[in-house]
Protein chains: 2
Amino acid sequence: MALREADTPIPAVNAAGAMATAEPAEVRRRIRRGEISGQTGGMALGRMQGNLAILPADLAQDFSRFCQRNPKPCPLVGVSDTGDPMLPTLGEDIDIRSDVPSYNVYRHGELADTVTDIGALWREDFVAFVLGCSFSFEEALLADGVPLRHIETGELVSMYRSNIDTVPAGPFSGPVVVSMRPMRPADAIRAVEITARFPMMHGTPVHLGDPGQIGIADLARPDWGDPPDIRDDEIPVFWACGVTPQAALRAAKPEICITHKPGSMLITDLPSGRA
Amino acid sequence: MALREADTPIPAVNAAGAMATAEPAEVRRRIRRGEISGQTGGMALGRMQGNLAILPADLAQDFSRFCQRNPKPCPLVGVSDTGDPMLPTLGEDIDIRSDVPSYNVYRHGELADTVTDIGALWREDFVAFVLGCSFSFEEALLADGVPLRHIETGELVSMYRSNIDTVPAGPFSGPVVVSMRPMRPADAIRAVEITARFPMMHGTPVHLGDPGQIGIADLARPDWGDPPDIRDDEIPVFWACGVTPQAALRAAKPEICITHKPGSMLITDLPSGRA
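Throughout what follows, the structure given in this document is the object of discussion.

How each quantity is defined
- Residues numbered from 1 in each chain as written.
- Chains lettered and ligands numbered in written order.
- Predicted model: local features only at pLDDT ≥ 70, side-chain atom pairs only at ≥ 80, totals over all residues.
- Heavy atoms only, no water.
- Helix = DSSP H or I, 4+ residues; strand = E, 2+ residues; numbered from the N terminus.
- Buried < 20%, exposed > 50% of the residue type's maximum accessible area, 1.4 Å probe, protein only.
- Contact = heavy atoms within 4.5 Å.
- Least-squares fit on C-alpha atoms with pLDDT ≥ 70 in both.
- Buried area = accessible area lost by both parts, 1.4 Å probe.
- Salt bridge = Lys/Arg side-chain N within 4 Å of Asp/Glu carboxyl O.
- Polar contact = N/O pair within 3.5 Å; in protein donor to acceptor, adjacent residues only side chain to side chain.
- Nonpolar A, V, L, I, M, F, W, Y, C, P; charged D, E, K, R; others polar.
- Pairing = 2+ DSSP bridges.
- Axes fitted to C-alpha atoms, helices over the stretch in contact; angles between N-to-C directions.
- Arc of directions from axis to C-beta.

1. Some points on the side chain of S80 of chain B
Logical step 1: Mapped onto the secondary structure, S80 of chain B falls in the loop between β2 (76-79) and β3 (103-107).
Logical step 2: The buried category is assigned to S80 of chain B, whose relative accessible area is 1%.
Logical step 3: For S80 of chain B, the residues in contact, after removing those within four places along its chain, are R65 and R69 of chain A together with M86, L87, F126, V127 and A128 of chain B.

2. Side note on the relation of the copies chain A and chain B
Logical step 1: Overlay of chain A on chain B (RMSD 0.0 Å): rotation 180°, translation along the axis 0.0 Å. The symmetry that links the two subunits is that of a two-fold axis. Of the C-alpha atoms belonging to chain A, the one lying closest to the rotation axis is found on Q61 of chain A, 2.8 Å away.
Logical step 2: A shared binding surface is used by both copies, with 100% of the interface residues of chain A retained as interface residues in chain B.

3. Comments concerning the interface of chain A and chain B
Logical step 1: Tallying the contact residues gives 16 residues for chain A and 16 residues for chain B.
Logical step 2: Taking both partners together, chain A and chain B bury about 1300 Å²; carbon and sulfur atoms supply 39% of that area.
Logical step 3: Per-residue buried area on chain A facing chain B is highest for Q61, R65 and Q68 of chain A; these three make up 41% of the total on that side.
Logical step 4: In this structure, the connection of chain A to chain B is made through four salt bridges.
Logical step 5: Across the pair R65 of chain A and D81 of chain B runs a salt bridge, and its minimum N-O distance is 3.9 Å.
Logical step 6: Counting every contact that joins chain A to chain B gives 15 residue pairs in polar contact (both at pLDDT 80 or more).
Logical step 7: Secondary structure elements with two or more residues in the side of chain A that touches chain B: α3 (57-69) and β2 (76-79) of chain A.
Logical step 8: For the side of chain A that touches chain B, the residue count by class is six nonpolar, seven polar and three charged.

4. Some details on the sheet that holds strand β9 (residues 235-240) of chain A
Residues and elements named next belong to chain A.
Logical step 1: If you walk across this open sheet you meet the four strands as β6-β7-β9-β8, and the pairing is antiparallel. Here the strands that pair on one side only, and so sit at the sheet edges, are β6 (158-165) and β8 (207-208).
Logical step 2: Across two bridges, β8 lies against β9 in antiparallel orientation. Across the sheet, residue H207 finds its bridge partner in β9, namely F238.
Logical step 3: Here helix α6 (residues 185-195) sits on the sheet and contacts β7 (175-183) and β9; the angle it forms with β9, its principal contact strand, is near 15°.

5. Describing helix α2 (residues 24-32) of chain B
Residues and elements named next belong to chain B.
Logical step 1: Taken together, the buried positions of α2 are P24, A25, V27, R28 and I31. On an axial view of α2, the arc spanned by its buried residues comes to 160°, and they lie on one face.
Logical step 2: Just beyond α2, the residue with positive phi is G34, at close to 85°.

6. Comments concerning the environment of L270 of chain B
Residues and elements named next belong to chain B.
Logical step 1: Inspection of the secondary structure puts L270 in strand β11 (residues 266-271).
Logical step 2: For L270, a relative accessible area of 14% puts it in the buried group.
Logical step 3: Along the primary structure L270 and L90 are separated by 180 residues, whereas in three dimensions their C-alpha atoms are 6.3 Å apart.

7. Notes on the pattern of salt bridges
All names here are of chain B.
Logical step 1: Tallied over the entire structure, the rule returns 41 salt bridges over all chains.
Logical step 2: The closest approach of N and O atoms between R33 and E35, which form a salt bridge, is 2.7 Å.
Logical step 3: Here E35 falls in the partly exposed class, since its relative accessible area comes to 42%.
Logical step 4: In the salt-bridge network here, residues are joined through shared partners; they are R149, E152, D229, R231 and E234.

8. Topic: the environment of D58 of chain B
Logical step 1: Looking at where D58 of chain B falls in the secondary structure, it is placed in helix α3 (residues 57-69).
Logical step 2: With 141 residues separating them along the chain, D58 of chain B and P199 of chain B place their C-alpha atoms 28 Å apart.

9. Focus on helix α4 (residues 135-143) of chain A
Residues and elements named next belong to chain A.
Logical step 1: Three or more residues of α4 are buried, namely S136, F137, E138, A140 and L141.
Logical step 2: Contact partners of the buried residues in α4: β1 (47-56), α5 (149-152), β7, α6 and β9.
Logical step 3: Backbone geometry just downstream of α4 places G145 in the positive-phi region, at approximately 85°.

10. Some points on the side chain of D226 of chain A
Logical step 1: The residue D226 of chain A is located in the loop between β8 and β9 in this model.
Logical step 2: Within the structure, D226 of chain A has its side chain in polar contact with the backbone nitrogen of L156 of chain A (distance 2.7 Å).

See the structure below:
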């Protein structure tokens, strides 16, 4: 289950620069027209970006419960009405069938297709869930002068399956997946202070220091993302990660489930600092 | 719709003193045995108390959405599995059919009965929602030296129907009901700082100063609770209030809906400061 986006088309990467200061509605229009199909990192800076999960209504209440019971990995920022593809609470004219650059379609837990529009797949019983992601708190950390190694080096953050269990709900369960950022202790303390303000973007860390305490045997071998570069004066700091609900969704093997393609998020109109 | 609890039995009030330092499980056992049927304020200090709403499953997803869309008035702290009266995420052996001192039963939006046990009414399609309340942030304000007039005078906090609309979900809609606490400006600022830490207990205020800006014509005439005593050097500070979902529930006129009787809350095992 690689989250490396080595196949991201070059035009999409170039688009990020031009799109950094664009209005979110303008970026979404370009996405809707198929002009942007890759990663959204760096686009419409200052606006909240979210992870996507679309499920049939018969699983929606259990997934709502799963998010409520596991707010750090699954911070719920928006839920559509059943069968309604619009998300007015997250922004103007958001049509979830077309406004995410790329979608992964899972059938019975297996990746069946990757598409740039799900209009043909949309059903009257679908419910769309949007979950907060770490982009916003990373923006806040950088703005406060807390360095983030993986951004400096242009790599993917290291992610690990921990031995912390989610609180199950219906068919949804599994371990909390964590992302790790190496920091000097003073920066780690400041990072706790800052991320406490962002409960809708995974909030404060779930652990810091000894990886063994949360069941991670070898930091050099992440389960997703790139291996980290940890310096002698740094400690690993672990946040709950949006891969957690993705993994729980796949493990539940619903008949159908549609997510964003990793890194290719929904850009909302909400300020990224919205708590 | 009076929230005055003039009819609260005296023994229950006396029980609060003895129950202040009791373990939450012990208080719930006494409630379950019918020894406590009144208000829970002041009991099991330091533990989160919650508002209750029980609905049939066909309305549960819309009510979940309503809470997600209106987190300040409706901070969702726990949701039961469908048909399951236990709430293990909120505490040990919590049976929602018996562990709240008094319940109001509404049929088609009208108060049909007030009972101390709902075992006979429980259905396989019921879902129980527990929402955070203001007790916990009031505890934190008092601990920080921010005075609360209605507690000093032993009255009910003043509550008003504002002109701020909730974001609707299915049959649930209506105005945000606010509670008002008069404060000197420096205390109001400190109160914002403190309540920011409690998003699960209504969080920061929704307004301060001119009541007219949120559609309140006369502070001396609250819609619920007691009239306030505001001094010359004080401003009114308004928080979203748990009466909001209660009013939305009644307005939706579900076939059946069961809530706690006002002031007679579920005492959880969670620390009251849990964000």
